[in-house]
Amino acid sequence: MISSNRPRLLGVLGAAVAGLLRGGLGWLLLPAVMASGLKTVASSGATTTVAPPASATSQAVALQGQIVDVVRSVTRSAVQVQTSRAWDQA
Amino acid sequence: MIFDSKGDVITNAHVASGSTSFEVTLANGTRYAASLVGVFRADDLAVLRIQGNGFQPATFGDSSALQVGDIVLAIGNPLGLTSSVTDGIVSAVNRTVSEGGGVTLPGVIQTSAPINPGNSGGALVDLEGQVVGIPTLAAIDPQLGDQANGIGFAIPSNMAKDIATQLVRYGHVINSHRAYLGVSLFSVSGAGDALVASVEPGGPTAAAGILPGDLITAVDGHPTPSDAALSEVLANLMPGQKVLVQIIQSGGPGKTVTITLGQYPGSSS
């Protein structure tokens, strides 16, 4: 029984090792593939904070202001309906 | 939402139906007793009226101009929390959604803005502050049996404005733009087909010889395995359209009849 299981166990271990190697090679190959056509930034381990462009910041502020204005305007027309059955339910 | 300066308020039919008295509270906290102007259950819309002046009606936009990705805000009273605002985008347009109870809504806007109980009959607005939809229902996750996240539906403002205008003017809908077969159906779970309960005398199907007890198996090439499926097919057809209807009578062989679709009648209550 034991001897008959061994080849299977070895086969599973072999497949696992082969999978790890393939995975490792994949990681090794990935930067090379990317370097051929894409610009990448090597990870130094440090966190770099990049400030958003000033135009993006001003657009976000403008959008937020627009949303506040819309809410203020539309709320004047908003109502709550209560019925004899229950308060408004979906 | 306040529909016009006369004090007409648009909401969902499922909010107003089954009630005998109504109270409308404005955003400033002023309370008014309201009366029911009219209901159109097929589109889940209703209009209430409050007496007074100085009302600020909402501006209705063109819902047909909406595009997937447009930012929208949902304003309502979810769980009783007055004038709550949630945000999202238009996730899809022109959905056909079944509410149950024979109500199928065509052309509905799907949004990621959270819609909860209490949002019904409120407003879905664009960034111009125009009402583009009436939040009406949220999707249910069939596996969890709970509300799905970020899948809400709103009746498009063009449909809401059209129906509300008719309700205000006539007290009922005279032009529903909805196809009508003129049959009532048994709601039989797992029956396999739409089982005819009764046929309206003089209606579109009566002339075609359809009888109570017949099975309607397909309309316009679309299978109708249930009353809900038939309702969904009809929601996407138009009055006056000629369609082929496949039926089975008395367990006999199937046959096909041609029917000119009528117009779904408006109701006032």
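Residues numbered from 1 in each chain as written. Chains lettered and ligands numbered in written order. Predicted model: local features only at pLDDT ≥ 70, side-chain atom pairs only at ≥ 80, totals over all residues. Heavy atoms only, no water.

1. Re the interface of chain B and chain A
Accessible area lost when the parts come together is the quantity often used to give the size of an interface.
Consideration 1: Listed per partner, the contact involves 41 residues of chain B and 21 residues of chain A.
Consideration 2: Contact between chain B and chain A buries roughly 2,600 Å² in total, counting both sides, with carbon and sulfur atoms accounting for 60%.
Consideration 3: Broken down residue by residue, the surface that chain B buries against chain A is led by Met1(B), Val15(B) and Leu127(B), which jointly contribute 18%.
Consideration 4: Applying the counting rule to chain B against chain A returns zero salt bridges. (Contact = heavy atoms within 4.5 Å. Buried area = accessible area lost by both parts, 1.4 Å probe. Salt bridge = Lys/Arg side-chain N within 4 Å of Asp/Glu carboxyl O.)

2. Topic: the pattern of salt bridges
Residue and element names in this part refer to chain B.
Consideration 1: Taken as a whole, this structure holds three salt bridges over all chains when the rule is applied.
Consideration 2: A salt bridge links Arg31 to Glu23, with the nearest nitrogen and oxygen atoms 3.7 Å apart.
Consideration 3: Exposure remark for Glu23: the relative accessible area of 26% places this residue in the partly exposed category.
Consideration 4: In this structure, Arg178 and Asp43 form a salt bridge, with 2.5 Å as the shortest nitrogen-oxygen distance. Within this pair, whereas Arg178 is found in the loop between helix H2 (157–170) and strand S11 (179–180), its partner Asp43 is found in the loop between strand S3 (31–40) and strand S4 (45–50), the two being separated by 135 residues in sequence.
Consideration 5: A relative accessible area of 2% means that Asp43 is categorised as buried. (Buried < 20%, exposed > 50% of the residue type's maximum accessible area, 1.4 Å probe, protein only. Helix = DSSP H or I, 4+ residues; strand = E, 2+ residues; numbered from the N terminus.)

3. Some points on the domain arrangement of chain B
Residues and elements named next belong to chain B.
Consideration 1: Here the domain parsing of chain B yields domain 1 (8–50), domain 2 (63–169) and domain 3 (179–263).
Consideration 2: Each side of the interface is counted separately: domain 1 has 19 residues, and domain 2 has 17 residues.
Consideration 3: Regarding the contact of domain 1 and domain 2, the summed buried area is about 1,300 Å², with carbon and sulfur atoms giving 67% of it.
Consideration 4: The interface formed by domain 1 and domain 2 holds zero salt bridges in total. (Domains from an automatic or database assignment.)

4. Points about the nonpolar core
When a protein is soluble and globular, its nonpolar side chains tend to lie buried together.
All names here are of chain B.
Consideration 1: Counting 36 residues, the largest nonpolar core has Met1, Ile10, Val125, Val131, Ile155 and Ile163 as the members making the most contacts within it.
Consideration 2: The greatest single-element share of this core, amounting to six residues, is contributed by H2.
Consideration 3: Among the domains, domain 1 (8–50) and domain 2 (63–169) are the pair contributing at least three residues each to this core.
Consideration 4: Residues contacting Ile10, with those up to four places away along its chain left out, are Met1, Phe3, Leu45, Ala46, Phe60, Gly121, Ile134, Ala160 and Ala164.
Consideration 5: Core analysis: the next-biggest nonpolar cluster, separate from the first, contains 20 residues, Ala208, Ile210, Ile216 and Leu237 among them. (Core = buried A, V, L, I, M, F, W, Y, C linked by side-chain atoms within 4.5 Å.)

5. A few points about H2(B)
Residues and elements named next belong to chain B.
Consideration 1: Look at H2: 20 Å from first C-alpha to last across 14 residues, which is about the 20 Å you get at 1.5 Å a residue.
Consideration 2: Taken residue by residue, H2 has Ser157, Met159, Ala160, Ile163, Ala164, Gln166, Leu167 and Val168 as its buried positions.
Consideration 3: Looking at the packing, one finds that the buried side of H2 touches strand S1 (8–11), S3, S4, strand S7 (103–111), strand S9 (131–141) and strand S10 (146–156).
Consideration 4: Backbone geometry just downstream of H2 places Gly171 in the positive-phi region, at approximately 85 degrees. (Expected span 1.5 Å × (residues − 1).)

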